[in-house]
Amino acid sequence: MNTQFFDNAAGYLPDVCFERLPDVGIMLGSGWGEALRMDNVLVRIAYADIPGLGASTVRGHTGEFVLYEREGRRIAAWCGRRHYYEGVGWEPVVLPIEILRRMGCGTLLLTNAAGGINPALKPGDFVIIRDHINLVGANPLIGPHNPEWGERFPDMTEVYHRHLSELLHASANRLGLRAMDGVYAYTSGPCYETPAEIQAYKAQGADVVGMSTVPEAVFAKACGMKIAGISLVSNLAAGISRRTLNHEEVVAAGESAKPLMSAFIEDFLGRL
Ligand code: HPA
């Protein structure tokens with residue numbers, strides 16, 4: 001990946017972004033866009049204005065970077081993400097993480113909407129991501145090695161930080177949310193999977209499937225960040241129910257889970 005690309009984006013952000021390390025960086029995926037309560041907003045910038053990032057092309061993604069403070073914590077929130085399937089390469093996909101790294105942020109919460117594969121899951125449930133499977137056959141770290149992004153062959157034994165996952169479980173328990181640990185299978189999209197693919201992923205150990213999160217997690221882990229991940233199960237994966245899949249259903253599931261998502265994140269942030 002091209003370092004100049006990230007320099008241009010970082011150079012556009014106001015100095016306040018780099019004055020104090022954020023306590024946590026957050027990536028809000030499909031449906032999660034309004035999950036945060038922002039007390040004191042320091043910076044709010046549209047993605048379209050950040051060089052190289054570009055507006056999110058996906059409905060349900062707000063496309064705003066917000067640096068804010070709440071209850072003494074400084075939080076850097078990316079409301080919406082770019083995806084590999086948008087066809088613009090890896091740079092815009094991992095740019096938010098690279099900016100967080102340059103801000104000195106060491107803790108990252110990744111959120112997404114995903115299809116439920118595990119038969120115990122139903123729409124509206126949460127999955128606390130324990131591990132992932134990259135089914136895309138590509139990786140954002142491919143290319144010339146930049147030592148600032150960690151080792152050439154970074155370890156991925158524990159991508160999702162155990163203690164942070166425990167905090168997520170504690171929050172889910174306190175709030176009475178249906179949440180289980182699970183493995184997230186990453187596909188490129190943009191098409192949904194076939195029922196045969198879902199059966200194959202199930203046999204490989206996947207509990208949920210989605211088109212995001214893993215590139216960011218791989219990049220952030222290589223850079224040494226502590227990562228927590230949550231999926232909202234927006235639908236049953238292809239062939240698990242008789243229904244066909246569509247993005248409206250994913251967005252609608254996010255709409256109805258909004259209060260729970262917000263409570264979940266707020267409680268978790270309070271535990272950091
Ligand atoms: N498959 C892939 N990505 C998704 C799904 C799904 O069923 N639901 C939400 N994102």
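Keep in mind the model is a prediction, meaning the values are calculated, not measured. (Residues numbered from 1 in each chain as written. Predicted model: local features only at pLDDT ≥ 70, side-chain atom pairs only at ≥ 80, totals over all residues. Heavy atoms only, no water.)

J.: Describe the pairing of strand E5 (residues 107-116), listing the residues and the values that go with them.
T.: Of all ten residues in E5, ten are buried; the element is thus mostly enclosed. In this structure, strand E1 (residues 24-28) lies alongside E5, joined through three bridges in parallel fashion. Across the sheet, residue Met27 finds its bridge partner in E5, namely Leu110. Bridge count for E5 against strand E8 (residues 208-210) is two bridges, and the pairing is antiparallel. Looking across to E8, one finds that Gly115 is bridged to Val209. (Buried < 20%, exposed > 50% of the residue type's maximum accessible area, 1.4 Å probe, protein only. Helix = DSSP H or I, 4+ residues; strand = E, 2+ residues; numbered from the N terminus. Pairing = 2+ DSSP bridges.)

J.: Go over the pattern of salt bridges with me, naming the residues and quoting the values.
T.: Tallied over the full model, the rule gives 20 salt bridges. Here Glu148 and Arg101 are joined by a salt bridge, their closest N and O atoms 2.9 Å apart. Placement of Glu148 in the loop between strand E6 (126-134) and helix H3 (162-175) and of Arg101 in helix H2 (residues 91-103) is noted, with a sequence separation of 47 residues between them. Among the charged side chains, a network of salt bridges with common partners joins Asp7, Glu98, Arg101, Arg102 and Glu148. (Salt bridge = Lys/Arg side-chain N within 4 Å of Asp/Glu carboxyl O.)

J.: Describe empty space enclosed by the protein, listing the residues and the values that go with them.
T.: What the rule picks out here adds up to one cavity of 30 Å³ or more. By volume, the largest cavity is sized at about 50 Å³. The wall of the largest cavity is formed by Leu141, Pro144, His145, Asn146, Trp149, Glu151 and Arg152. Here the lining of the largest cavity is built from residues that sort into three nonpolar, two polar and two charged. (1 Å grid on protein atoms, 1.4 Å probe; cavity = no way out; pocket = protein on both sides within 12 Å on 5 of 7 lines; lining within 4 Å. Points joined across faces, edges and corners; volume = space filled by probe spheres on them. Nonpolar A, V, L, I, M, F, W, Y, C, P; charged D, E, K, R; others polar.)

J.: Can you lay out the site of the ligand for me, pointing to particular residues and giving the numbers?
T.: What surrounds the ligand is the set Ala113, Ala114, Gly115, Tyr192, Glu193, Val209, Gly210, Met211, Ser234, Asn235, Leu245 and Val250. Ala113 has a polar backbone atom sitting 3.4 Å from a nitrogen atom of the ligand. With respect to the ligand, the side chain of Glu193 contributes an N or O atom lying 2.8 Å from a nitrogen atom. In isolation the ligand offers 260 Å² of accessible surface; the protein chains occlude 95% of this area. At a threshold of 2 Å from the grid points, most atoms of the ligand map onto the largest pocket. When residues of the shell around the ligand are traced back to their parent elements, those giving at least two are E5, E8 and strand E9 (226-236). By residue number, the principal contributor to the shell around the ligand is E5, which donates three residues. Among the residues forming the shell around the ligand, the class breakdown is seven nonpolar, four polar and one charged. (Near = heavy atom within 4 Å. Polar contact = N/O pair within 3.5 Å; in protein donor to acceptor, adjacent residues only side chain to side chain. Areas by Shrake-Rupley, 256 points an atom, 1.4 Å probe, with all protein chains shown as cover. Sits in = over half its atoms within 2 Å of the grid points.)

J.: Can you explain the layout of surface pockets? Please cite residues and give values.
T.: As a volume, the largest pocket reaches approximately 320 Å³. Elements with a contribution of two residues or more to the lining of the largest pocket: E5, E8, E9 and helix H6 (247-271). When grouped by side-chain class, the residues that make up the lining of the largest pocket number nine nonpolar, eleven polar and two charged. Within this model, the second largest pocket holds a volume of roughly 150 Å³. Around the second largest pocket, the lining residues are Asp131, His132, Asn139, Leu141, Ile142, Arg152, Pro154, Met156, Val159 and Val218.

J.: Got a sec to walk through the side chain of Arg73? Specific residues and values, please.
T.: With respect to the element layout, Arg73 can be found in strand E4 (residues 73-79). Buried charge Arg73 goes without a salt bridge, the closest partner of opposite sign being Glu71 at 4.4 Å. Within the structure, the side chain of Arg73 is placed 3.1 Å from the backbone oxygen of Leu269, a separation counted as a polar contact. Apart from the residues within four sequence positions on either side, Arg73 is in contact with Arg20, Asp23, Tyr68, Leu269, Gly270 and Leu272. (Lys, Arg positive; Asp, Glu negative; His and termini not counted. Contact = heavy atoms within 4.5 Å.)

J.: Quick one: what's the story with the nonpolar core, residue by residue and with numbers?
T.: Core analysis: the largest hydrophobic core is formed by 50 residues, its most contacted members being Phe65 and Trp78. The element best represented in this core is H2, accounting for seven residues. Beyond its immediate chain neighbours, meaning those up to four positions away, Trp78 contacts Ile26, Met27, Leu28, Tyr47, Ile50, Leu53, Glu64, Phe65, Leu95, Pro96, Ile99 and Leu100. (Core = buried A, V, L, I, M, F, W, Y, C linked by side-chain atoms within 4.5 Å.)

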